[in-house]
Amino acid sequence: MDARSLWLHRRYYSSTSQWILSFTIFLILALAFVETPSSLTRTSDVRYRPDPWEAPCGLTEGIEALCLLVFVADVSVKSYLIGWAQFRRNPWLLAYLVVLVVSLLDWVVSLSLVCQEPLRVRRLLRPFFLMQNSSMMKKTLKCIRRSLPEMASVGLLLAVHLCLFTVFGMLLFTGEKDAGQDRERLTYFFNLPEALTTLLVLLTTANNPDVMIPVYSRNRAYAIFFIAYTLIGSLFLMNLMTAIIYNQFRGYLMMSLQTSLLRRRLGTRAAYKVLSSVTAEGEAHPERLGVKPEDFLKVLQKVQLDSDHKQAITEKLHSRSGGLLSADEFQKLFDEFDKRVIKEHPPRPQYQSPFLRNTQFVFGHHYFDYLGNLMALGNLVTICVFLVLDAHVLPKDRDDFVLGILNCIFILYYLLEMLLKVFSLGLRGYLSYPSNVFDGLLTIVLLVLEISTLAVYGFPHRGWKPAMLGLLSLWDMTRLVNVLIVFRFLRIIPSMKVCVQVRRVTALLLSQLMSLVASTILDLIKNMRAFGGILVVIYYVFAIIGISLFRGVVVAPRNSSLASDNGSAPCGSFEQLEYWPNNFDDFAAALVTLWDVMIVNNWQVFLDAFRRYAGPWSEVYFVLWWLVSSVIWVNLFLALILENFLHKWDRRSHLQPLTEEREDTSEMTEELPFRDVLEEPTEEELVEKLSRHPHLQLCR
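What counts as what
- As a convention, each chain's residues are numbered from 1 in the sequence order in which they are written.
- pLDDT decides what is reported in this predicted model: residues at 70 or higher carry local features, side-chain atom pairs at 80 or more are listed and counted, and totals for whole chains, interfaces and linings draw on all residues regardless.
- Processing note: side-chain calculations cover all non-hydrogen atoms of the structure and skip hydrogens and water entirely.
- To qualify as a nonpolar core, a set must consist of buried Ala, Val, Leu, Ile, Met, Phe, Trp, Tyr and Cys residues joined through side-chain atoms within 4.5 Å.
- Think of it in three bands: with a 1.4 Å probe and only protein chains considered, a residue is buried below 20% of the maximum accessible area for its type, exposed above 50%, and partly exposed in between.
- Residue contacts are defined here by distance: any two heavy atoms, one from each residue, within 4.5 Å place the two residues in contact.
- Working definition: a ring pair exists when centres of Phe, Tyr or Trp rings (six-membered ring for Trp) sit within 6.5 Å. Plane angles under 30 degrees give stacked, over 60 give edge-to-face, the rest tilted.
- Under the scheme used here, helices are H or I runs from DSSP no shorter than 4 residues and strands are E runs no shorter than 2 residues, and both carry numbers assigned from the N terminus.
- Disulfides are defined as cysteine sulfur pairs within 2.5 Å.
- Each residue after the first adds 1.5 Å to the expected span of a helix.
- Here, a salt bridge means any side-chain nitrogen of Lys or Arg that lies within 4 Å of a carboxyl oxygen of Asp or Glu.
- Residues qualify for a patch when their relative accessible area is over 30% and they have no salt bridge, like charges being joined within 9 Å and the nonpolar side chains of Val, Leu, Ile, Met, Phe, Trp and Tyr within 5 Å.
- Here the open area of atoms and residues is found with the Shrake-Rupley method and a 1.4 Å probe, where only the protein chains shown may cover a residue.
- Residues scored as charged are limited to Lys and Arg (positive) and Asp and Glu (negative), so that His and the chain ends carry no count.
- A charge is said to be at NZ when it belongs to Lys, at CZ for Arg, at CG for Asp and at CD for Glu.
- Fitted lines through C-alpha atoms give the axes, limited to the stretch in contact for helices. The angle between two N-to-C directions lies from 0 to 180 degrees.
- Note that the term roughly parallel is reserved for angles under 35 degrees, roughly antiparallel for angles over 145, roughly perpendicular for angles of 65 to 115, and oblique for everything else.
- Working rule for handedness: look at the near helix, and if it is turned counterclockwise from the far one by less than a right angle, call the crossing left-handed; if clockwise, right-handed.

K.L.:
Please provide a residue-by-residue account of the nonpolar core, values included.
P.N.:
Among the nonpolar cores identified, the biggest contains 96 residues, and Phe 71, Phe 129, Phe 574 and Trp 603 are the most heavily contacted of them. Ignoring any residue separated from it by four or fewer positions in sequence, one finds Phe 129 in contact with Ile 25, Ile 28, Leu 68, Phe 71, Tyr 96, Val 99, Leu 100 and Ser 103. Of all hydrophobic cores here, the second largest spans 16 residues; its members include Tyr 414, Leu 446, Leu 484 and Ile 485.

Below you can see the structure in the form of structure tokens.
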């Protein structure tokens, strides 16, 4: 707690230091795309994939060494700041140290073997650097770990359900007289592993109704077996798993967030006690006297804090009457840190002419934004109409005269809209709205593309389909313009939240619902860092394992007898569907393959193909991936959506004034959306914990 250590603490948690650490984590994770096997090819299809560029030995290892040195410095500073006694009790920091030691040893082995080692253990450990740097990821992992017993109980029921119906199926479909039964047995229930795999895939409905058709076409009574299995497994047990994960997720994550709130309040109260002791040093009970506002302002100017929060706290401090700050007033000042400061927009230009003032009022009104949204919708509709009309026309035979004229008109309107908004709001006022910045950038890009098109191909006319000139053909440039126009249509999303200001009773419920959906989507994007980080971790680990297990097992048809020609391959097989780009020959291809399996659409094709190419044990890998990604993570994501949506719905059900609610929501801090349902710690709890704090030793 000396001055030098506190200086180091502030420097370590400064934005620059944390940015360097975050960039180092990103860099070491991104090395997987360049390391052997390299992902630097245009396609991952084994039939067309060229030999990739491979980094020379020592290049990626040198970058990795720099990253590891940054992590060594990071763990060294952390251990110094918290002390060895606390370091030994922190499992994450101990694991951090172990991971660094193992990574450095493995790095030395790689160099000693001239980068020819068959397995790099440190690749599997890299996602740990991402996890240990995020407190929310640690809390989410803790939530998952504590939810495992309840999930295991439902998993056991699923296993019993699967095994029982597997036995029933093998007993039902063993007939030799019925051709349908024999076909069912040979295709789906030939042996126990085959039957287990078939019904496991049916649990995700990926092979429904294919698995049922052979016997159902002979006797409709066999449908009862498959309907009962799907009803119990997919509709009851799997949804029960979702309910359990949602319940446990909310409970344990709320508990973790409650603990975080307690630590914040303890820090605030400790700061109050320190400043109050400075205010009246030598008094018997200095904490009862309060804190001088000038002492608070002196400290505020020294701390590393963004200027907006400093200004908001200073204004709130100056707005109160004189006297010392009490503990409650001190806490209310710190509550400003929990809010996102709403910046005031610059004042609009002042025009002397009445005509200019009226023009400024018209084009600065929000109805002008609605007109812009309507024009964007009209532009999108025209593009869709021409896509439908030209669906069966080859690009070389299309006449883009009408669409070219319409695009010119709409782009000119977008330019006029941007200029009129700049006139009404001023340049600084126009740029203070993120939606205007988004529109303006796309409008400029569209204008440049349109001018380039006219300069190269001339003005639109009948039969406007010249040959390719320059870098892009007319068709390519038109497609690029249309893609940007469709992307610009996203401007209506913020307008959905603005629509809640509509006061008409007939539009009230609709605007509420649109605002609710739009705000839920935006909040999910803000609050997805922890869940997205966990998804990155599991993808990274499974991709590295998949490369180690299945690299090179899927080969081009001309090099393997297993990979049949497309014409002779069984219908619905890996070869007939031409799934050749789905492999584990490099890191990027492995990520896409894992994504396709996570969606569970046709994932039985992957199970069958890798069982033939790599062996039956490969199914264990894909089943584990399905459990971790589709069952656990997807249900966690669903729990986040439900909690966010229901929380906002409960708040709106009180029929509060819409403008007040919008203002309150916009000020909430960017954490998970449970902030206002947490309980504030009591005064007695704060005092009791501070009295036992080992580092808060004040003069009495």
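K.L.:
Requested: an account of the packing of aromatic side chains, with residues and values cited.
P.N.:
Enumeration according to the criterion identifies 44 aromatic pairs in this entry. Judged by centre distance (5.7 Å) and plane angle (90°), the ring pair of Phe 173 and Phe 225 falls under edge-to-face. You can see Phe 173 sitting in the loop between α7 (135-172) and α8 (179-187) and its partner Phe 225 sitting in helix α11 (residues 223-279), a full 52 residues away along the chain. Both residues of the pair, Phe 173 and Phe 225, belong to the buried class. Plain terms: the ring middles of Phe 173 and Phe 226 are 5.8 Å apart, the flat faces sit at 10° to each other, and that makes the pair stacked. Within this pair, whereas Phe 173 is found in the loop between α7 and α8, its partner Phe 226 is found in helix α11, the two being separated by 53 residues in sequence. Judged on exposure class, the residue Phe 173 and its partner Phe 226 are both buried. Ring pairs connect the aromatic residues Tyr 539, Phe 542, Phe 550, Phe 584, Phe 610, Trp 617, Tyr 621, Phe 622 and Trp 625, which therefore count as one cluster.

K.L.:
Would you mind going over the side chain of Ser 5 in detail, with residue names and values included?
P.N.:
Mapped onto the fold, Ser 5 is located in helix α1 (residues 3-12). The exposure class of Ser 5 is buried, given its relative accessible area of 12%. With sequence-adjacent residues up to four places away left out, Ser 5 is seen in contact with Tyr 80 and Leu 81.

K.L.:
Got a sec to walk through the state of the cysteines? Specific residues and values, please.
P.N.:
Following the criterion strictly, the structure yields one disulfide and no others. Between Cys 57 and Cys 115 runs a disulfide, and the two sulfur atoms are separated by 2.0 Å. Taking the sign of the S-S torsion, 70° for the link of Cys 57 and Cys 115, the bridge is right-handed. Of this pair, Cys 57 sits in the loop between α2 (15-30) and α3 (59-82) while Cys 115 sits in the loop between α5 (91-112) and α6 (121-132), placing them 58 residues apart in sequence. Cys 115 gets classed as buried once you look at its relative accessible area, which sits at 17%.

K.L.:
Describe the side chain of Thr 166, and please don't skip the residues or the numbers.
P.N.:
Examined against the element boundaries, Thr 166 turns out to sit in helix α7. For Thr 166, a relative accessible area of 0% puts it in the buried group.

K.L.:
Quick rundown of helix α19 (residues 434-457)? Include the residues and the values.
P.N.:
Taking 1.5 Å of rise per residue, the 24 residues of α19 would be expected to cover 34 Å, and the 34 Å separating its terminal C-alpha atoms lies within 8% of that figure. Burial in α19 covers these residues: Asn 436, Asp 439, Gly 440, Leu 442, Thr 443, Leu 446, Leu 449, Glu 450, Thr 453 and Tyr 457.

K.L.:
So what about the pattern of salt bridges? Which residues, and what values?
P.N.:
For the coordinates displayed, the defined rule picks out 21 salt bridges. A salt bridge links Lys 78 to Asp 74; its shortest N-O distance comes to 3.8 Å. On the criterion of helical spacing, the pair formed by Lys 78 and Asp 74 is a turn pair, its members being four residues apart in helix α3. The buried category is assigned to Asp 74, whose relative accessible area is 4%. Connected through salt bridges with shared partners, the residues Glu 35, Glu 61, Glu 64, Asp 106, Glu 117, Arg 120, Arg 122, Arg 123 and Arg 126 form a single ionic network.

K.L.:
Explain a positive patch on the surface to me, using residue names and the numbers behind them.
P.N.:
Among the surface-exposed residues, Arg 10, Arg 11, Lys 292, Lys 298 and Lys 302 lie close enough to one another that they form a single positively charged patch. Those elements giving two or more residues to the positive patch turn out to be α1 and α12 (293-302). Here Arg 11 lies in helix α1. A residue is classified by how much of its surface remains accessible, and Arg 11, at 36% relative accessible area, is partly exposed.

K.L.:
Can you explain the packing of helix α17 (residues 401-425) against α19? Please cite residues and give values.
P.N.:
With their axes 10 Å apart at the nearest point, α17 and α19 run at an angle of 140° to one another. On the basis of the axis angle, α17 is oblique to α19. Between α17 and α19 the crossing geometry is left-handed. Along its contact with α17, which presents Gly 404, Cys 408, Ile 411, Tyr 414, Leu 415, Met 418, Lys 421 and Leu 425, the element α19 presents Asn 436, Gly 440, Thr 443, Ile 444, Leu 446, Leu 447 and Glu 450.

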